[in-house]
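Listed below, chain by chain, are the residues.
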Amino acid sequence: MFIKKSTVQEKKKMNYGWVLVSIMLFGAVVNYFDRVNLSIAGTTISSQFNFGPVQMGMLFSAMLLPYALANLPAGFITDKYGEKKLFTIATILWSLATLAAACSQSFTSLYASRVILGIAEAPFFICGAKITQKWFDDKNRGLATSVINMGPPIANTIAPPLLTVVLIVFGWRLMFMGVGLLGFVVTILWLVFYKEKSTPNIEG
C-alpha cells in the first residue's frame, strides 16, 4: 500500500516537472528571440541611426561579457533565494530591457539595454538545472535537461523567417516590443504554475 502510494506521488511529481520543463522550453525560445532580434533588425537600425560598423559591432557584442560575468553571481543567488524568485525577476528584467531597446533613440540607450539583457538572461539555464535536479530522478533528468536545451536551436531556426516578416510588416520597434511582451507571458506562466514544494499537487 505504501509502495503504491509512493509510486503515485512520484508519478505526479514527475508529471508536474514536465509542466515546468514545457514552460522553460517556451522561455528558452523567447530568451533567444530577445538575443537575435538585434541581428535580424541590424541593417534597419544601422540605417535609421547612421551607425557605422564599429558601433554595430559593439551593439552585437554588448550582451556577451555581462552575460558571462553574471553567471557566477546568478548561481549563488539561485542557491540562496531559490529559482522561483530569481527566474521571476530575470524574465521581467529581460523583457523590460527588450522593451527599452524598442524605445531607444541613441546608441547609448540601445547599448545599455543590451547590457541589461545580458545580465538578466544569465540565470536562465541555471534555473533550468535547478528544476531538473529538483523534480526529476536520475533516469529522467537528462531527457528533461535536453528538452530545455532544445529552446535555443528551435529559436535560431524559426527566429530569422518569423522576426523578418514581423520586421517588414510592423517595423523593428514593434518587433522588439512583441518579443518583449512574450517575456511577460513566460513570467505569468511561471508564477501561475511554479510551486516551491518538495512534492506538489499530491493531495487527492
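Above this text is the structure in question.
Once a new chain begins, its residue numbering starts again from 1 and follows that chain's sequence as written. Given that this is a predicted model, residues contribute local features only at a pLDDT of at least 70 and side-chain atom pairs are listed and counted only at 80 or more, while totals for whole chains, interfaces and linings are drawn from all residues. By convention in this description, side-chain values take in all heavy atoms of the structure and omit both hydrogens and water.

## Structural notes on the packing of aromatic side chains
Phase 1: Only Phe, Tyr and Trp rings are paired, with Trp represented by its six-membered ring, and only when their centres lie within 6.5 Å; those with planes under 30 degrees apart are stacked, over 60 edge-to-face, the remainder tilted. Counted by the stated rule, this structure contains 14 aromatic pairs.
Phase 2: Measuring from centroid to centroid gives 6.3 Å for Phe87 and Trp94, while their planes differ by 85 degrees, and the two rings are edge-to-face.
Phase 3: Taken together, a centroid distance of 5.4 Å and an interplanar angle of 90 degrees make the contact between Trp172 and Phe176 edge-to-face. Of this pair, Trp172 and Phe176 both sit in helix H9 (residues 172-193), separated by four residues, roughly a single helical turn.
Phase 4: Three or more aromatic residues link up through ring pairs in this structure, and these residues are Tyr16, Phe87, Trp94, Phe124, Phe125, Trp135, Trp190 and Tyr194.
Phase 5: Only when the NZ of Lys or the CZ of Arg is both within 6 Å of the ring centre and within 35 degrees of the ring normal is a charge said to sit over the ring. If you follow Arg35 out to its NZ or CZ, it ends over the ring of Tyr32, 4.2 Å from the centre.
Phase 6: Across from the ring centre of Tyr81, 5.6 Å away, lies the NZ or CZ of Lys80, which sits over that ring. Each helix is a run of DSSP H or I of at least 4 residues and each strand a run of E of at least 2, with the numbering of both proceeding from the N terminus.

## Description of the pattern of salt bridges
Phase 1: Every case where a carboxyl oxygen of Asp or Glu lies within 4 Å of a side-chain nitrogen of Lys or Arg is listed as a salt bridge. Counting across every chain of the model gives four salt bridges.
Phase 2: Glu121 serves as the salt-bridge partner of Arg35, at 2.6 Å between the closest nitrogen and oxygen. Taken together, the residues span a long stretch of sequence, with Arg35 in helix H1 (residues 2-49) and Glu121 in helix H5 (residues 107-121) at a distance of 86 residues.
Phase 3: For Arg35, a relative accessible area of 13% corresponds to the buried category.
Phase 4: Its salt-bridge partner being Lys134, residue Glu83 comes within 2.9 Å of it at the nearest N-O pair. A residue pair is termed long-range when its members are at least 10 positions apart, and Glu83 in helix H4 (residues 83-102) and Lys134 in helix H6 (residues 124-135) qualify at 51 residues. Any residue under 20% of the maximum accessible area for its type is buried, any over 50% is exposed, and the rest in between are partly exposed; the area is computed with a 1.4 Å probe on protein chains only.

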